Amino acid sequence: MAAPKKGRNASAQSRPGRSLALILIAMVALTGGMFLSGHTTPRLGIDLAGGTSITLRAEAEPGQESAINKTNMDTAVDIMERRVNGLGVSEAEVQTQGDRNIIVNIPKGTNSKEARDQVGTTAKLYFRPVIATEVVGAAATTSPSPSASDGATDEATDKATDKATSSSSPSASTTPSATSTTQGRAVTDALKADPSASASATAEADASPSASASGSADTSKLEAQYAALDCTDEAVRAKAGDGAKPEDSTVACGQNAGGQWQKYILGPAEVDGTDVKEADAVLNTQTAAGWTVTMEFTGEGRKKFGDITGQLAQNQSPQNQFAIVLDNEVVSDPSVSQALTGGNAEISGNFNQESAQSLANMLSYGALPLSFSEDSVTTVTAALGGEQLHAGLIAGAIGLALVVIYLVVYYRGLSMIAVASLLVSAALTYVIMSLLGPAIGFALNLPAVCGAIVAIGITADSFIVYFERVRDEIREGRSLRPSVERAWPRARRTILVSDFVSFLAAAVLFVVTVGKVQGFAFTLGLTTVLDVVVVFLFTKPLLTILARTKFFGGGHPWSGVDPKRLGAKPPLRRSRRPSAPVETKEA
């Protein structure tokens, strides 16, 4: 066998301390980052921490199969997140898996039935006229307060831009006074002047006195709801408008341009979300209006929108505004200065690209030919989750103990290197999993624990490959130090090929599967990569250093590299071959 090549590799191997220092620095940095982030334990999945996991499958209407695409699925995820957050749930997770599945993981302490009802129903989008509005509470996140215009003419667009500029400040809108002496009167007057009155007014005029009394009672009830509505309270916001039908007036919450929570009294729904044919976020460079949202209505929606905007345009602020309401929350409240009868409308204001696209997605979702069906619902109690985690940890400890016993019995002193490498690999796995929880939402579930247990065997296998190569060199009659260096190239190739196959299998499994199986694949792939890192930067340099000690280099019987126990051949000695006798030739 040829001697190992000298040069760059030999120089690197002569300084194993550098590799050990590098992995030590990496471990210290990752551990420090873990403690600084405040996440010192891996995030547990539903099956370990307890909670409800709902798998929804997207179904398209006949002839609309193309509706199942990434954009629409992401929009559905955004709306479901709004609904789950509206339940007051913390640490809930909504994400797509595959091309048509949405996984909703809701931790323990949440009403699973209510959660299923919220995420499993189709989003409800309505256009309602604003009757009264009032700013309440402190600033939150900012959102645009735009105005609507008919995009068919430049003049209308200019008016819309001017209007948006004037209404972008919360103080510019006319709202009822918040004082106890005038608020009730302002709301009552606004309700009497409901701008959504339509052709049904004639029928209402002929109503009986009992109907009038009922209407007065409904108005009083609405006033009381509006007065008691505190939109700064998340739990109150979630219940605002519950039970209201599209044909009823209701109360709702939303955010204005100043980022303040604002409460509304809204009239009956005049336009349904299904009346929106298409909505897009557009950068308007012709009028310097910036990012705007354009809407195109269906034939029926065109008439409805034209009628309501014609009525709203005759009113003063805020009763010239219509609220775009998604799941009982106002996402935008543009004002109207003229009837928009062209079937197209443009909402302009202080949008950026993200906010414009978000509003366009919400408007489009009301007309999406998409529905979702439950594929599976899994509810795990906190006690059962704790038991499963306990059982998984016991299984891992048993597997690790068996591997350590085997290494000690068979490799003796070398087992110390293997155990130290396993501990380094386990520490890196734990720290990285803890950091990946807040970073990418990784949750340690039961299949992921199984992947970590399988990884113990994969990691130990790499040590065994290297140790056996070293012992083979010793059996050939070489001492430990040259055996360590000569065995490394062959062991390195075998380890890389083996880990590549494992990582490839994990990657394929992660791509083609959904649900909890991905947790197994992800953990298996992560630990396989860490196996390569540990073997190259810890196991090999540590063995190189220990080969210089008397215990290992001298071949102590308990070192695991004793030449006598390995049946080493005596060193080969070269001897000069005797010269053959020279025969004299006769002349």
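Please refer to the structure placed before this passage.
All right, on to the overall build of the chain then. Summing up its helical and strand segments, the chain has 19 helices and 14 strands in all. For the chain, the proportion of its 587 residues judged to be buried stands at 41%. For the chain, the proportion of contacts with a sequence separation of at least 24, taken over those separated by at least 6, is 77%. By element, 56% of the accessible surface of the chain is carried by carbon and sulfur atoms, the whole surface being about 30,000 Å².

Our next topic: the side chain of Thr292. Summarising the element assignment, Thr292 is placed in strand β10 (residues 290-297). With residues up to four places along the chain from it excluded, the contact list for Thr292 reads Asp280, Ala281, Val282, Asn284, Glu346, Ile347, Ser348, Phe351 and Ala356.

Following the criterion strictly, the structure yields eleven salt bridges and no others. Note that Lys303 and Asp307 form a salt bridge whose closest N and O atoms lie 3.1 Å from each other. Here Asp307 and Lys303 lie together in helix α11 (residues 299-312), a separation of four residues that amounts to about one turn. Overall, the relative accessible area of 41% leaves Asp307 in the partly exposed class. Among the ionic pairs, Arg478 bridges to Glu473, the shortest N-O distance being 3.0 Å. Since its relative accessible area comes to 29%, Arg478 is described here as partly exposed. Salt bridges linked by common partners bring Glu473, Arg478, Arg486 and Arg490 together as one network.

Attention shifts here to the pairing of strand β6 (residues 250-255). Of all six residues in β6, six are buried, a share of seventy percent or more. The two faces of β6 match: Thr250, Ala252 and Gly254 on one face and Val251, Cys253 and Gln255 on the other face are all buried. Bridging between β6 and strand β12 (residues 329-332) involves two bridges; their strand directions are parallel. Within β12, the position partnered with Cys253 by the bridge is Glu329.

For the coordinates displayed, the defined rule picks out 13 aromatic pairs. Summarising the aromatic geometry, the rings of Tyr410 and Tyr411 are spaced 4.8 Å apart at their centres and angled 85° between planes, so their arrangement reads as edge-to-face. Given the relative accessible area of 0%, Tyr411 is considered buried. Through pairs of rings, three or more aromatic residues link up here, namely Phe127, Phe297, Phe305 and Phe322. When the ring centre of Trp261 is taken as origin, the NZ or CZ atom of Arg237, which lies over that ring, is 3.9 Å away.

Turning our attention to the environment of Leu283. Structurally, Leu283 is set in strand β9 (residues 276-284). What makes Leu283 partly exposed here is its relative accessible area of 45%. Leu283 sits 73 residues away from Ala356 along the chain, and the two C-alpha atoms are 9.3 Å apart. Here Leu283 is in contact with Gly290 and Trp291, once residues within four sequence places are set aside.

Here we come to unusual backbone geometry. Geometrically, the link from Ser317 to Pro318 is a cis peptide bond, its omega value of 5° lying close to zero. Positioned with a positive phi, Arg412 is a non-glycine residue whose angle comes to about 50°. Examined against the element boundaries, Arg412 turns out to sit in the loop between α13 (382-411) and α14 (414-440).

Scanning all chains against the criterion turns up one disulfide. Between Cys231 and Cys253 runs a disulfide, and the two sulfur atoms are separated by 2.0 Å. Across the S-S bond of Cys231 and Cys253 the torsion is about -80°, and the bridge reads as left-handed. With Cys231 in the loop between α9 (209-228) and α10 (234-239) and Cys253 in strand β6, this residue pair connects regions lying 22 residues apart in the sequence. For the pair Cys231 and Cys253, a shared accessibility class is recorded, and that class is buried.

When strand β11 (residues 322-326) meets β12, the two strands line up antiparallel, connected through three bridges. The residue bridging Val325 from the neighbouring strand is Val330, located in β12. Hairpin connection of β11 to β12: two residues between the antiparallel strands, including Asp327 at a positive phi of 50°.

The next point concerns a nonpolar patch on the surface. There is a patch of nonpolar side chains on the surface, built from Val497, Phe500, Val501, Leu504, Val508, Phe510, Val511 and Val512 and spanning about 790 Å² of accessible area. Tracing the chain through its elements places Val501 in helix α16 (residues 480-512).

Soluble, globular proteins show a tendency: their nonpolar side chains are buried together. Membership of the largest hydrophobic core comes to 44 residues, with the highest contact counts inside it found for Leu414, Tyr466, Phe467, Val470, Leu480 and Leu543. If you list the elements that add at least two residues to this core, you get α2 (16-37), α13, α14, α15 (446-475), α16 and α17 (517-546). Looking at which element gives the most residues to this core, the answer is α15, with ten residues. Those residues within four positions of Leu414 in sequence are excluded, and the remaining contacts are Phe467, Leu543, Phe552, Ser559, Gly560 and Val561. Counting 27 residues, the second-largest nonpolar core is a separate cluster that includes Val276, Val331, Leu340 and Ala356.

Below, the discussion takes up the packing of α15 against α16. Helices that pack against each other are described as a pair by the angle of their axes relative to one another and the distance between those axes. Running from N to C, α15 and α16 point in directions that differ by 150°, and their axes come no closer than 8 Å. The chirality of how α15 crosses α16 is right-handed. The class makeup of the residues in the contact of α15 with α16 is eleven nonpolar, five polar and six charged.

Definitions and limits used
Residues numbered from 1 in each chain as written. Predicted model: local features only at pLDDT ≥ 70, side-chain atom pairs only at ≥ 80, totals over all residues. Heavy atoms only, no water. Helix = DSSP H or I, 4+ residues; strand = E, 2+ residues; numbered from the N terminus. Buried < 20%, exposed > 50% of the residue type's maximum accessible area, 1.4 Å probe, protein only. Contact = heavy atoms within 4.5 Å. Areas by Shrake-Rupley, 256 points an atom, 1.4 Å probe, with all protein chains shown as cover. Salt bridge = Lys/Arg side-chain N within 4 Å of Asp/Glu carboxyl O. Pairing = 2+ DSSP bridges. Phe/Tyr/Trp six-rings, centres within 6.5 Å; stacked < 30°, edge-to-face > 60°. Lys NZ or Arg CZ within 6 Å of the ring centre and 35° of its normal. Disulfide = S-S within 2.5 Å. Patch = residues over 30% accessible without salt bridge, like charges linked within 9 Å, V, L, I, M, F, W, Y side chains within 5 Å. Core = buried A, V, L, I, M, F, W, Y, C linked by side-chain atoms within 4.5 Å. Axes fitted to C-alpha atoms, helices over the stretch in contact; angles between N-to-C directions. Left-handed = near helix turned anticlockwise from the far one by under 90°. Nonpolar A, V, L, I, M, F, W, Y, C, P; charged D, E, K, R; others polar.

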